[in-house]
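# Topology and contacts: notes
Here's the letter readout for the chains.
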Amino acid sequence: MSNDLIRELGPLAFASRLRRLSERLMQDVSSLYSDQGSDFEPRWFPVAYLLRQRKTMAITEISGVLGYSHPAVVQIAAAMERRRLVKSRSDVGDRRRRLLSLTARGKSTIEKIAPIWDAVRASTQDIITCSGHDVLKVLDAVEH
């Protein structure tokens, strides 16, 4: 038996291996945020990026666009709201719908960390290129 059971288990631990890789990458990005004096969490990135582009969105819309479960988006939104990065309000036309938008603090935080996103994009592209495989294309095929 090797020192890496997850790798040794191959296809049986495929999801666990993806999670391990994801956690490692998230830790690295978290360190970058911390080095810049930001307490932004990597798991908030997709929601923040989306709200930066679309200004105001319902939680159900965010869930659909990101392919996240509704409870996952609610959890992310609540954490971001506690840090005063987003604000929520009820939709006037449908009180059941909760609309999210960035606060001034959220916009300021994103402007501060946007260069990190550019660096992460470039570094990730380098990693993919060095792997010799079109990893994103493979992920598309696996997801399909």
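A short tour of the structure in this document, coming up.

Each value, and the rule that gives it
- Residues numbered from 1 in each chain as written.
- Predicted model: local features only at pLDDT ≥ 70, side-chain atom pairs only at ≥ 80, totals over all residues.
- Heavy atoms only, no water.
- Helix = DSSP H or I, 4+ residues; strand = E, 2+ residues; numbered from the N terminus.
- Buried < 20%, exposed > 50% of the residue type's maximum accessible area, 1.4 Å probe, protein only.
- Patch = residues over 30% accessible without salt bridge, like charges linked within 9 Å, V, L, I, M, F, W, Y side chains within 5 Å.
- Areas by Shrake-Rupley, 256 points an atom, 1.4 Å probe, with all protein chains shown as cover.
- Salt bridge = Lys/Arg side-chain N within 4 Å of Asp/Glu carboxyl O.

## Thoughts on unusual backbone geometry
Backbone geometry at Lys-55 places phi at a positive 70°, although glycine is not the residue there. Residue position: Lys-55 is located in the loop between α3 (45-54) and β1 (56-58). We classify Lys-55 as exposed; its relative accessible area is 55%. Of note in the backbone geometry, Arg-84 takes a positive phi value of approximately 60° without being a glycine. Along the chain, Arg-84 falls in the loop between α5 (70-82) and β2 (86-90). Given the relative accessible area of 53%, Arg-84 is considered exposed.

## Focus on the environment of Gly-10
Residue placement: Gly-10 occurs in the loop between α1 (5-8) and α2 (14-35). Counting along the chain gives 128 residues from Gly-10 to Val-138, while the straight-line C-alpha distance between them is 16 Å.

## Notes on a nonpolar patch on the surface
A surface patch of nonpolar side chains, about 560 Å² in accessible area, is lined by Phe-14, Leu-18, Val-135, Leu-136, Val-138, Leu-139 and Val-142. Taken together, the elements giving at least two residues each to the nonpolar patch come down to α2 and α7 (135-143). At 5 residues, the largest contribution of residues to the nonpolar patch is made by α7. Classification of Leu-136 as partly exposed rests on a relative accessible area of 47%.

Note that every value here comes from positions in space, so none of it alone points to a role or purpose.
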